[in-house]
Amino acid sequence: MAQGSGQEDREKTTALKDLLSRIDLDELMKKDEPPFSFPKTLEEFEYAFNEDGQLRHTETGEPFVFNAREDLHRWNQKRYEALGEIITLYVYELLEKTCNMTKAILPVDASPDEPTSFIYLTPDALLNPSKLLVLIQGSGVERAGQWARRLIINQDLDSGTQIPFITRAIQDGYGVVVLNPNENYQEVEKPSRSPPPTPPGDPPDEPAEKRERKDDKESKKKREFYEKYRNPQKEMETDRIPVRENASSEEHVVHVWDHFVSKAEAKNVFIMAHSYGGLSFVELHCCNWVSSSEPLDAPLDSMLPDCPRVSAGTERHELTPWMSFNSIFRFFNEVLELKEDDKAEGPFSAVTTRSGSLKPNHQNL
């Protein structure tokens, strides 16, 4: 009886193998997940920014929907990232057309064939004799001109971009430099790898039972892969070539400071840095607006004795720049008034960079 049962199991296994051998699982799974081919413009995505700077569907008027296709999380994520790349180009266009800013290529002595990054400057950024504002976003996918991509897509341009800060600064007589600390590398496709050649001659003898167990294991792996992921599309493998002297956020900030900010004519340099962007400046005397449930500008316990902390009036980290907008510029104005009254000596110290102390007319922040 036991022998007959074993024979029956082997026949079922053989039948299953035969079925699987005639099914191309890769092709089957590809039918389950749409290809990663997405629109290249907002218009093709059928989205646009309305008068309030909100991203809306051009036909329905609805906000952006992440889960465009149920149970296809990876495809939805890739679609979101594709839209994010379009948003990045859209913000660059705003910097150039709305704010009249221009690109400066990094490193400053870049050769034609090496990876580069860039920053944005207003026409008077290095020539303004009075005030210079330097904007630095946090880490992540955000590029020059952005505070938070998620806010741009799900809320509006004002809260998610640096455009209101740049516009206000220009109106108040500042030159402006917009850093780009996350543009650190050039991505290139890896060369395809050819499978190793099959050695000549017949394959070595292998016991049938062992070969059968091996085949069963491989079939099970394929089935489990399909059931768990349902995403057979192979993504392009890439190498990242770092941008010289700008391979990290910290290197980028130092490079820009040494080659641009330290050479600016402005007597007063102000830094507005969000999240990780502020780590390069935490030892400077400043004011730190942090996420908190307390009302806007309420004093909070300071982590550093020389960096007062106040509430940004929101518990959402990515909203702290926008919620603190008026308070930040009021703080800048108070600093200038104190300096004009010769009362700013003491709370403000010299700024040191990789190149050493800056010239006297650049020491105040």
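Everything below is about the structure shown above.
Conventions used here
Residues numbered from 1 in each chain as written. Predicted model: local features only at pLDDT ≥ 70, side-chain atom pairs only at ≥ 80, totals over all residues. Heavy atoms only, no water. Helix = DSSP H or I, 4+ residues; strand = E, 2+ residues; numbered from the N terminus. Buried < 20%, exposed > 50% of the residue type's maximum accessible area, 1.4 Å probe, protein only. Core = buried A, V, L, I, M, F, W, Y, C linked by side-chain atoms within 4.5 Å. Contact = heavy atoms within 4.5 Å. Salt bridge = Lys/Arg side-chain N within 4 Å of Asp/Glu carboxyl O. Pairing = 2+ DSSP bridges. Axes fitted to C-alpha atoms, helices over the stretch in contact; angles between N-to-C directions.

**Student:** Break down the overall build of the protein for me, with residues and values.
**Tutor:** Along its length, the protein carries eleven helices and 14 strands. Across the 365 residues that make up the protein, the buried fraction comes to 39%.

**Student:** Could you give an account of the nonpolar core, with specific residues and numbers?
**Tutor:** Counting 48 residues, the largest nonpolar core has Leu133, Leu135 and Tyr174 as the members making the most contacts within it. Element by element, the count of residues in this core is highest for helix H4 (residues 73–97), at ten residues. Contacts of Tyr174, omitting those with residues within four sequence positions, involve Asp124, Asn128, Lys131, Leu132, Leu133, Ala169, Phe270, Phe329, Phe332, Asn333 and Leu336.

**Student:** Residues and numbers for the pattern of salt bridges, please.
**Tutor:** Counting across every chain of the model gives twelve salt bridges. The partner of Arg240 in a salt bridge is Glu187, and the shortest N-O contact between them spans 3.8 Å. Here the residue Arg240 occupies a position in strand S8 (residues 238–242), and Glu187 occupies one in strand S7 (residues 185–189), the gap between them amounting to 53 residues. Classification of Glu187 by relative accessible area gives partly exposed; the value is 46%. Ionic contacts of the salt-bridge type, sharing partners, join the residues Asp109, Glu114, Arg244 and Glu245 into one network.

**Student:** Requested: an account of the sheet that holds strand S9 (residues 268–273), with residues and values cited.
**Tutor:** Strand order in the open sheet made by the five strands is S3-S4-S6-S5-S9, with mixed pairing throughout. Edge positions in the open sheet fall to strand S3 (102–106) and S9, since each of these has one partner strand only. Here the average twist between neighbouring strands, direction ignored, is 25 degrees. Two strands pair when backbone bridges link them, and strand S5 (residues 131–136) and S9 are joined in this way by six bridges, in the parallel orientation. Looking at the pairing, Leu132 lines up with Val269 of S9. Most of the contacts of helix H7 (residues 163–171) go to strand S6 (residues 174–178), to which it runs at about 155 degrees, and overall it touches S5, S6 and S9. Helix-sheet contacts for helix H9 (residues 249–259) involve S3, strand S4 (117–121), S5, S6 and S9, and the interaxial angle to S4 is about 50 degrees.

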